[in-house]
Structures are given as C-alpha cells and as structure tokens.
Amino acid sequence: MPGLSFSNYQRNAHLSAKGVKVPTATSTGTTIVGCKFDGGVVIAADTRATSGDIVADKNCEKLHRIAPHIWCAGAGTAADTEMVTQLTASNIELHSLSAGRQPRVVTCLTMLKQHLFKYQGHIGAYLIVAGVDPTGPQLMSIHAHGSTDVGYYLALGSGSMAAMAVLEANWKQELTKEEAIQLASDAIESGIWNDLGSGSNVDICVMEQGKDAVLHRNYRTPNVREQKQQSYKFPRGVTAVLDVKVRTFDVVSTEVVMGEA
Amino acid sequence: MRDGQLNIESQLNGRHPLQARLENWEETQMNMRMQNYKRTFGMGEPIRRTMEMQIVKETTLMPAVVGTPANIHLDILKNKDLDVDWEDVYTGDDQPLDFHSELEKRMGI
C-alpha cells in the first residue's frame, strides 16, 4: 500500500506481547512561544531534543520555514513536526504558484489541521504557526488531533506553563518589535530553567510586514559549556612508535575515450 | 494465490486502528463531497462528476509494468492536482501486476 506503512504493526504487537521491550522514539520536551506585535509577529523555541531522560541534541532547530513569510515552531515528536511542516511547505508553494498569490497563514493552518486530523493524532505534531500575509500578522496554534487556536500570545510544549506564566505577567496589547522579542525570549528562558524537557539556547524568528523574515539562531545562549580546567589532550609523540611498515601499490587505471558520434 | 497462502486471521484482526481509516480515506472523502454536491446543486452534479471520472478511468490505458500512469486528468477531477501527500512520496513496494493480469482485472475477466 502506498502511504505510511503499517507493515510492522502486527509484528511489533506480537513481539511486545512476547515481552520484548518496545523502543520509545519520542521527544516531547519543548518550550515554544509566539507573540504578536505592532506590524509583525515573533516566534521562539528552545533547542533541546530529548529521548526519554536523555538529551539527544543540545542545539536542535525547532523553527521551521513553511513559506518565506510563514514560519512554524514545533513541539511533540521531532520527526513528525519536521516532516509535516516540510510537506505543508511543498503544498503551500504549489498552491501559491497555482493561485499566483502570496500564501496565507490560514491556508497553512487549514492544510496542517486537516492533515493531522486525518491521522487522528498519531502524527504527534504540536505547532505554533505564525507569519505575515496580505491580511496582516497572524499567530495560531495546532494540536496533534487537529484542533486550532488563535491568539495574541501562545505557548506550547512541556514548558508551556512556565512560558505562559511569563507571557501572562508581562504581555500587553501594544508591544513594539523589541519588546515582543524580549518577551518571547524571556518566556522561552523560563521554560529552559524551569522545565526539565527544555534547555540550551533560545531561537527566535521575527516576521515583519513588508520585510523579510529574520531567523535569529541561538539568539540567547545562557548555557555555554564551561572551559575544562585541564587539557586532556596528549601531545604528539607521547605514544612510542614500535614499528613502521610502508607498502607500495601499483595504481592501475582505465580511461574510457569517447569517440565522436 | 499471487502472494502465496495468506493468513486470513492476520488480515482481519489486530490491525492498526488507523489503517482501515486511511485505506478508505479517498472513498469516504469522495462520498462526502458528492453528498454535498447533491444537496447544493441537485442530483445532476454528482452524476455528472461520477460519469466524468468513469470516462477518464476507462480511457486511460497505461500498463503498470511500463510505469504507473500520472493520471493528471483523474487528479484534476479528484481535486488532487495541486497536492502532495505521503502517498506521492512513499508509493509502496507493491509489485505491479503483469500486463495480462492487469488487463484481465480491468476487463473483469
């Protein structure tokens, strides 16, 4: 069958019934936020990827580009957020090419929610979609089952409570771009410190009306690794050379000469 | 018997809850759309669309062994000509039927 393959489902169910441990391949710990400001919208994310209680990647990218002016922050299963945003990016491009218009955030939102609903939450993507389009700055969120929200400020992921606490305390109706960036990165940093599933750095993407979207990769790096107190490098020549053997090879090459047609 | 002896039990029980839903997805969506057309435009609309689809299906003859046909006409009628989905990326590892079997199936022999 074309499409996502279910061919191993019965085998895996059988194996787990026999007592084989089923691997868990999720990475759900994340803090992502989005915040609107006058004339634009900003989204931010932490950069920790976890697999159970292990930090799989200390500096991963959770901000995905769907269209030049529409970006998306993803929480949930890392591979699912990546693939679903790539698929939507392709569809949005085809769509705008066919329509001859700039893609809109609601279009992205509808495509994503219909796709996620179809898979009944088995595609574990929790997304904050943001962007500027001819209708103005837009900020929306989607859950894995296909439900969507609209808001001036949003937070998703395991660190969303920590981030939302900061947003609720400091958000106001009229924010400047600088204030919004500050607020979003403060919210992410709150997730980095207070949520165990989130950590490392703050990534930010700013989308402003009439300007190119700007991605600030590692906008804040509050977790730079300390310099080691000692050097553990061995200087050259520490290991004694016991024996040296040099082999010579005859190199045989074949060249194909192309004749004229 | 093309795939050898099949275990009927494994085909019926213990399948992923999503699998049946996805296998019937296109049909379900099409039925829903036709139902809506019927309510808004009257019975003529779904009849015309089904007829057009049938004509395109019956007149496209590209054997699967030569390569799966692009079926752009069908895609347009299904409103799928501007979409990419997993089915377009992961086309499945099903072996294509040989030409004779395909034609037999098509002609209902």
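Residues numbered from 1 in each chain as written. Chains lettered and ligands numbered in written order. Predicted model: local features only at pLDDT ≥ 70, side-chain atom pairs only at ≥ 80, totals over all residues. Heavy atoms only, no water.

In the annotation of an unreviewed UniProt entry, the entry for chain B reads Proteasome maturation factor UMP1, and the organism field reads Yarrowia lipolytica. Per its UniProt entry, chain B bears the Sequence similarities (unreviewed entry) comment "Belongs to the POMP/UMP1 family." (UniProt positions renumbered as here; feature names shortened; annotations may be inferred.)

As recorded in an unreviewed UniProt entry, chain A goes by the name proteasome endopeptidase complex, listed as coming from Yarrowia lipolytica. UniProt lists a comment for chain A under the heading Subcellular location (unreviewed entry), and it reads "Nucleus".

What follows deals with the nonpolar core. In terms of nonpolar packing, the biggest core is built from 24 residues, with A:I66, A:I70, A:V84, A:L112, A:I123, A:L127 and A:V129 touching the most fellow members. Only strand 5 (63–67), strand 6 (70–76), helix 2 (78–99), helix 3 (105–118), strand 7 (125–133) and strand 8 (136–142) of chain A together with helix 2 (17–23) of chain B provide two or more residues apiece to this core. If you tally residues by element for this core, the top one is helix 3 of chain A, at six residues. Leaving out residues up to four positions away in the same chain, A:V129 has contacts with A:I70, A:W71, A:C72, A:V105, A:C108, A:L112, A:Q138, A:L139, A:M140 and A:I142. Grouped together as the second largest cluster of nonpolar side chains are 21 residues, A:V33, A:A44, A:A184 and A:I188 included. (Core = buried A, V, L, I, M, F, W, Y, C linked by side-chain atoms within 4.5 Å. Buried < 20%, exposed > 50% of the residue type's maximum accessible area, 1.4 Å probe, protein only. Helix = DSSP H or I, 4+ residues; strand = E, 2+ residues; numbered from the N terminus. Contact = heavy atoms within 4.5 Å.)

Residue and element names in this part refer to chain B. For chain B, the assigned domains are domain 1 (9–59) and domain 2 (63–109). Distance from the C-alpha centre of domain 1 to the C-alpha centre of domain 2: 16 Å. Taken together, the eight residues of domain 1 in the interface contact seven residues of domain 2. Contact between domain 1 and domain 2 buries roughly 690 Å² in total, counting both sides, with carbon and sulfur atoms accounting for 62%. Linking domain 1 with domain 2 are two salt bridges, by the criterion used here. Across the salt bridge formed by E26 and K80, the nearest N and O atoms sit 2.9 Å from each other. Viewed at the interface, domain 2 and domain 1 are joined by three residue pairs in polar contact (both at pLDDT 80 or more). Where the side of domain 1 that touches domain 2 is concerned, the elements lending two or more residues are helix 3 (25–41) and helix 4 (44–59). The element that contributes the greatest number of residues to the side of domain 1 that touches domain 2 is helix 4, accounting for five residues. Partitioned by chemical class, the residues of the side of domain 1 that touches domain 2 number three nonpolar, no polar and five charged. (Domains from an automatic or database assignment. Buried area = accessible area lost by both parts, 1.4 Å probe. Salt bridge = Lys/Arg side-chain N within 4 Å of Asp/Glu carboxyl O. Polar contact = N/O pair within 3.5 Å; in protein donor to acceptor, adjacent residues only side chain to side chain. Nonpolar A, V, L, I, M, F, W, Y, C, P; charged D, E, K, R; others polar.)

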